[in-house]
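# Descriptive structure summary
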Amino acid sequence: MLINKDLIIVGAGPAGLAAAVEARKRGIDDILVLEREPVAGGILNQCIHDGFGLIKFNEALTGPEYAKKYMDEADGMGIELITNVMVQDLSSDKAVTTVSPDGIRSYQAKAVILAMGCRERTRGAICIPGTRPAGVFTAGVAQNLVNIRNVMIGKNIIILGSGDIGLIMARRLTLEGADVLAVVEKLPYSSGLQRNITQCLDDFGIPLLLSHTVTNIEGRERVTAVTISRVDEKGNTIRGTSKKYDCDTLILSVGLIPENELSLNAGIEIDHVTGGPRVDEKLQTSVPGIFACGNVLQVHDLVDYVSAEGELAAGSAAEYIGGGLGSSTADGCSSVDVGINSEDKGPNGENPLSYEKMAVRAGRGIRYVLPQTIRPGKAVTFSMRVVKPDREKTVCFIAGDRIIKKRKYTALNPAEMIRMDLSQNELKDVSELEVCIYED
Amino acid sequence: MTANTDNIFDIVIVGAGAVGCAVARELSGFDLKIAVLEKESDVAAGTSGRNSAVVHAGFNNKPGSLMAKLCVEGNEGFEKVCSQLDVPYKKTGKLIVAFDESDFAGIDQLMENGRKNGVKGLEFVDAHTVKKLEPHVGGIGAMLSPNTAITSPFIYTVALAENAAQNGVEFYFETEVNGISKRDGLFRLTAGKRHFFSRYIINSAGLYSDRIAALAGDKGYEIHPCRGEYFILDKRTSQYLNMPVYPVPRPGLGGLGVHLTPTVEGNILIGPSAEYIKSKSDYSATKGVMDQLFKEAKELLPALEMKHIIRSYTGIRSKLVGPKTGGYGDFIIEESGVVPGLVNLIGIESPGLTASVPIGRMVRDIIAGREELVPKKDFIAERKGITPFRELTLEQKEKLIKECPEYGEIVCRCEGITKKEILDAINNPLGVTTLAGIKYRARPMMGRCQGGYCLTRIVDILKEQKGIEPEQVTLRGNNSKLFTGRVK
């Protein structure tokens, strides 16, 4: 039996919840949120530290507190949420197949919002030499085990990678009585937020070894030692710099990968830099009617921006369901009050699908910029990350030979996402666009 | 401890690899009391679970050798055994690819070997056909072996062991034999504080078969460990490869050369290297070899990228020939000349997996040569494995979930493994409850996230089902504990 829904949201983490709430506010009644966990909230549920919501709510909440705000709101709106369900397949025509103890369900959605989050890069993916004993964990798994399952994962611990979860876990494990010997980072700078380095490492006297990596793991049954070596600018190990640390645990915080297996099934185009779908300024993927937000789109630094992205995706999905954004299914949605029409036609009033979206290029010093394409003549919030840390530099949007927007930063850090708003006016008559770091 | 009816066996098999388990299964068809002693926490913990998973055709082996004979026999019977025991098997065929003219001599040699060994169907195919069979592989021609197949060596060994257990064989894990004596025609095998008495010992101890023989008084053997490293690639690469693709072997190498092998599950394996090492237990992966593996694999299949790698693993060949000689020796499958009742299976390296069932039959014949074997009337020849939910149709899935809602709970997202499959793995007939045991039986934690999603859930299920507290959970038994205690 096929169940029809206006909007299906895959994932009830911060992105999915924000999207659900916003979609309802935009007048979409028939919303279904699918969540594989027994409860909504996503990864926030295991993030028991505070610091969430500083931008959105102007207060420092814990992860579960931040999630609860949205859960309560969604709940109050009566939004349908199914937990303990796994989306098994998503097709390009927005058919969704799920598996749960209740059986297999097939849904047909008018629009879909992808909010599946991300997964952690593993030891295998980064090819650390050595044995394969117990005692090697990714930071997020470690966090779940300690905070949700309440088990201790080790006593003497090395953390590879200075991503935020690794830093948070350095503090968490120290508070639980473990000896965190060092946090090791291959790059010459940390890949975590400065505030986390201060609050999680410096305050506890945990050394951060930059330009170092783990070059060997020892132990037959449980980890007994890891070797740490210095690396050069190219990431190659420097001979004679190896030092063996006796320890029983290695935690990896070496990157997050947007979880796009479903997106690939639906034939959605993936950006090889972000690992997420290529989207336009409406967060619409290459498949019309499928939108993406949160960590499935790009790995975020702050959850507040995840929520904002969820809201943007929801607004777009509402437009699409109402017949905008190139939707061909503008039937039966008359109750949806979303004025689109003229705004969504091309510059010359042609069919929205027939005009070219314009690619936005990541130029010098910029690792990626999102959205990857925009329609001309619209206000857009861009998010981007820089290639390497820098000071006193200007981020510029350039259209041809014209600088249309610039902003000076005292410090630029790849760990921190940069967001810049360009107004409709600023983007008027723009036919090519590049963002780069400008040397004053 | 003295001998009593509990610990006196007709036959004790030392080593629960593919060969030990195949012998156990073969002998379980007769009225014999049999024990299998394994020092690790599960079957296939050594070489049997750490190889290319290829069912070889038999053209690589020296004509006239036991290796050649048993490999060809094994290949012919493999599909049937797999169907009896519910083991994945896929007759993919295999290509030995020539990259320059000089490789053709090697191919001719293999064709000639194959002909002498009775390998069927070998043919030379031109570059055009190679392209058709394997569009992503280069090469100027190849030998096609249509009867080469792939299997799951772990499931295969588990299946043999479970079927043997169904037929009364007792398995003892974490039971390392460290003393053997003989009195009044009865061997006494000591494993820590425990003793096992037996009329025969089948020495299928793989890398340690020289040591077991020596403990029993047969000191003439030396196994040279030769390590091979592998990478496992993401299933997304399965489109690039249809069958095992090997280079033409170079003489003197300890193995067959770095090759690419599709797995029955849809991954690709890269490897193995061949490196003689000192320790028989050093399963380390090494930087130099990892770099080299990838480089060589990319020569075979240019579409490969580093980001496709999801894991590495290593195996160790138990070779009778040392680094000075190189190449291959032959299997030793015989009753010891100095210790009657000790049946030595030594130097069982590749193609040992393929040959395991015929080796079992040879062992049976050796025993039958000394005494009459009485077939068991109620022998069970078939064994059922864990139903792979992911491979079923939607209708079948729906039906299974109705019968058992635990099929509706996906525990491992990457591989689509359900709670029911995890439960079946945990409740396996051999009583193995290690994480690795669950992983190899049902495939959770084997996908691209490597347990990032399901590890915590499996820890929960172990507690819920078996009452195993998290502190007791091990990766591979003994002291491989996952956790060190509870939070404050």
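The structure displayed is predicted, hence computed values, not measured ones. Sequence order sets the numbering: in each chain, residues are counted from 1 along the sequence as written. Chain letters and ligand numbers both follow the written order, the letters beginning at A and the numbers at 1. pLDDT decides what is reported in this predicted model: residues at 70 or higher carry local features, side-chain atom pairs at 80 or more are listed and counted, and totals for whole chains, interfaces and linings draw on all residues regardless. Heavy atoms throughout the structure, all of them, feed into the side-chain values; hydrogens and water do not.

### Description of the pattern of salt bridges
Residue and element names in this part refer to chain A. By definition here, a salt bridge exists when the distance from a side-chain nitrogen of Lys or Arg to a carboxyl oxygen of Asp or Glu is within 4 Å. Tallied over the entire structure, the rule returns 64 salt bridges over all chains. Lysine 393 is paired through a salt bridge with aspartate 390; the nearest N and O atoms lie 3.1 Å apart. The same class applies to lysine 393 and to aspartate 390, which are both buried. Buried means the residue's accessible area, taken with a 1.4 Å probe over protein chains only, is under 20% of the maximum for its type, while exposed means over 50%, and partly exposed covers the values in between.

### Details of the interface of chain B and chain A
Facing 54 residues of chain B, the contacting portion of chain A comprises 47 residues. Accessible area that two parts lose when put together, evaluated with a 1.4 Å probe and summed over both, is termed the buried area. Around 4200 Å² of area is buried between chain B and chain A when both sides are counted, 55% of it from carbon and sulfur atoms. The largest per-residue losses of area from chain B upon contact with chain A belong to B:Arg413, B:Thr484 and B:Val487, which jointly make up 14% of the total buried on that side. Our enumeration of links across chain B and chain A arrives at six salt bridges. B:Arg448 serves as the salt-bridge partner of A:Glu261, at 3.1 Å between the closest nitrogen and oxygen. Polar contacts here mean pairs of N or O atoms no more than 3.5 Å apart (in protein, one a potential hydrogen donor and the other a potential acceptor; neighbouring residues in sequence count only if both atoms are side-chain atoms). Across the contact surface, chain B and chain A share 23 residue pairs in polar contact (both at pLDDT 80 or more). Per the convention used, a helix needs a DSSP run of H or I reaching at least four residues, while a strand needs a run of E reaching at least two, with both numbered from the N terminus. When residues of the side of chain B that touches chain A are traced back to their parent elements, those giving at least two are helix H7 (287-300), strand E18 (309-319), helix H9 (394-403), helix H12 (455-466) and strand E23 (485-486) of chain B. Among the elements that take part in the side of chain B that touches chain A, E18(B) stands out by supplying six residues, more than any other. Think of it as three bins: nonpolar holds Ala, Val, Leu, Ile, Met, Phe, Trp, Tyr, Cys and Pro, charged holds Asp, Glu, Lys and Arg, and polar takes everything else, Gly as well. Of the residues that constitute the side of chain B that touches chain A, the class distribution is 22 nonpolar, 15 polar and 17 charged. Here a residue-residue contact requires only that any non-hydrogen atoms of the pair lie within 4.5 Å.

### Section: the pairing of strand E26 (residues 402-412) of chain A
All names here are of chain A. For two strands to be treated as a pair, DSSP must find at least two bridges joining them. Relative to E26, strand E25 (residues 390-399) is paired through nine bridges, and the arrangement is antiparallel. Within E26, the position partnered with valine 395 by the bridge is arginine 407. Where E25 folds back on E26, the antiparallel hairpin that results is connected by two residues, among which glycine 400 adopts a positive phi of roughly 65°.

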